[in-house]
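Fold and geometry: a report
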Amino acid sequence: MGVRQHEATTTGWHQARRQAREAAVPLPVVHLPLGRAAGATLAEPLVALSPLPAYDAAAMDGYAVAGPGPWRVTGRVLAGDPVLPPSLSPGDAMEIGTGAVVPAGAEAVLPYEQAVRSGRTVTGAFSPGRHIRRRGEDCPAGRQVLAAGTVAGPVVLGLAASLGHDSLPVHRRPRVATVLTGSELCGSGIPAAGQVRDAIGPMLPGLIRAAGAEPAGLSRIADDPDAMTGALLRRDAEVLAVCGATSAGAADHLRGALDRLAARVPIHGVACRPGHPQLFAVLPDGRFVVGLPGNPFAALVAALTLLTPLLGRLAGRPEPPPVTAVLDGPVTAHDRDTRLVPVTRIGAAALPVGHDRPGSLWGAAGADALAVVPPGWTGGEVELLPLPSGTPMALPALS
Ligand SMILES: Nc1nc2c(c(=O)[nH]1)N[C@H]1C(S)=C(S)[C@@H](COP(=O)(O)OP(=O)(O)OC[C@H]3O[C@@H](n4cnc5c(N)ncnc54)[C@H](O)[C@@H]3O)O[C@H]1N2
Ligand code: MOO
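What this report covers is the structure whose coordinates are included nearby. (Residues numbered from 1 in each chain as written. Chains lettered and ligands numbered in written order. Predicted model: local features only at pLDDT ≥ 70, side-chain atom pairs only at ≥ 80, totals over all residues.)

1. A short note on the packing of helix 3 (residues 200-210) against helix 6 (residues 296-314)
Between helix 3 and helix 6, whose axes approach to 11 Å, the crossing angle comes to 25 degrees. When the interaxial angle is binned, helix 3 and helix 6 end up roughly parallel. Here helix 3 and helix 6 pass one another in a crossing that is right-handed. Contacts from Ile200, Met203, Leu204, Leu207 and Ile208 in helix 3 reach Pro296, Ala299, Leu300, Ala303 and Leu311 in helix 6. Per-class residue counts for the contact of helix 3 with helix 6 are ten nonpolar, no polar and no charged. (Axes fitted to C-alpha atoms, helices over the stretch in contact; angles between N-to-C directions. Helix = DSSP H or I, 4+ residues; strand = E, 2+ residues; numbered from the N terminus. Parallel < 35°, antiparallel > 145°, perpendicular 65-115°, else oblique. Left-handed = near helix turned anticlockwise from the far one by under 90°. Contact = placed C-beta atoms within 7 Å. Nonpolar A, V, L, I, M, F, W, Y, C, P; charged D, E, K, R; others polar.)

Following this line, the structure appears as structure tokens:
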């Protein structure tokens, strides 16, 4: 009697994502200089160490004036002057540059455009307080401005610097080592007959970074059980992404190697199209293995299904809020599995872009999201998985 070689236990698509996320806890907190914190997640709220602005500052180039005009111009103060300007008495003015310290006693800054200068006298109409940015008016010292869990994107780094920070407490970014399998793969040029150009190696680093993690190198191994076992023993990363070898073929050694190493394999097979052979495992020492199917679009789907939620959790990112749109186009649902369909968003609608065979990244490359089409869907609103654009979204500011 024949023997079934591979008994798949398929996990639902939503459940697979939840399981991958919940298998991890955020990595420890480290203090990183601003220049190295980009893309990491704040482990504590961001607090203003100094008020913004830090002193009463001119918002325009012109004259700081005290009391009613005309005024006698007593000197000039520019941003960065090492000596604070002397205070003004009523009837005094001081020429001032944008960003300079406003002299004590000044009631407003009169922009050059509204001033009439004659010798050492200046006149013009002003309203009290105009064009002076008062110390702390944008943000007082001690104020919490961003919540823990905010991604330290470029704007957050600029804000942190404005508020006096040199470094930030962030969760250590998970490292992801990539292992490519497949003796047919080539890494450059036009593939010869029987060869396939590696499309996953160039795609993964951006996906890994967008999820809040760091790529930790890429290795290629032969389709060989010992090479696979050796690759799984690498200890320089918390997560291993193994590309190809997830399925049941004679050259697919991932599952066998995991079993030999006594890994737990909570997910092998996800009810989605493409990407159903994807795999999630935990090695005895706690490192994670995500198996991405070899077909490149299937690998992208699997990366967004299992890898991104896992990395987001390790990186300390909160679960992103669901995004939905009305799917508007000729899409046929699968009867049992969730379909992932590349779409572009126009207003509240999502339009399929096509070219979405498992082996082709063409459609996904021109899309801004994958629509999540549940089994049996007959029309209407669907969830969207945004494709990374390189600008991680921050949480809203605290009120
Ligand atoms: N008996 C079964 N066979 C297959 C099943 C199944 O359920 N039962 N599933 C099919 C599906 S769906 C997929 S997807 C693939 C997944 O296979 P593997 O993860 O084992 O990947 P490979 O067999 O190595 O490769 C599949 C395909 O992808 C190409 N490939 C591999 N790596 C890359 C890369 N880095 N860049 C570009 N293309 C790559 C490879 O040449 C193959 O054409 O299994 C099916 N079979
Ligand atoms: O994962 Mo496969 O068809 O679903 O490419």
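From this point, the narrative continues.
2. With respect to the sheet that holds strand 20 (residues 279-282)
Strand order in this open sheet of six strands is 16-13-17-21-20-18, and the pairing throughout is mixed. Of all strands in the sheet, those bounded by a partner on one side alone are strand 16 (214-221) and strand 18 (264-268). Between one strand axis and the next, the sheet turns through 20 degrees on average, direction left out of account. Note: strand 13 (residues 175-181) against strand 17 (residues 239-243), five bridges, orientation parallel. Paired with Val179 across the bridge in strand 17 is Val242. With respect to the sheet, helix 6 is in contact with strand 13, strand 17, strand 18, strand 20 and strand 21 (288-292), its orientation differing from that of strand 21 by roughly 165 degrees. (Pairing = 2+ DSSP bridges.)

3. Quick notes on the pairing of strand 4 (residues 62-65)
Where strand 4 meets strand 6 (residues 92-96), four bridges bridge the pair, whose relative direction is antiparallel. Residue Gly62 lies in a different strand from strand 6, and its bridge partner there is Ile96. Sheet analysis places strand 4 next to strand 7 (residues 108-111), joined by four bridges and oriented antiparallel. Bridging from a neighbouring strand, Ala64 pairs with Val109 of strand 7.

4. Examining the site of ligand 2
Every residue close to ligand 2 is listed here: Arg273, Pro274, Gly275, His276, Pro277, Pro293, Asn295, Ala298 and Pro358. Its residues assigned to classes, the shell around ligand 2 comprises five nonpolar, three polar and one charged. (Near = placed C-beta within 6 Å.)

5. Some words on the site of ligand 1
By nearness alone, 25 residues border ligand 1, and Gly244, Thr246, Ser247, Pro293 and Gly294 come closest of all. Put simply, the parts of the chain that give the shell around ligand 1 at least two residues each are strand 13 and helix 6. The residue makeup of the shell around ligand 1, split by class, is 13 nonpolar, nine polar and three charged.

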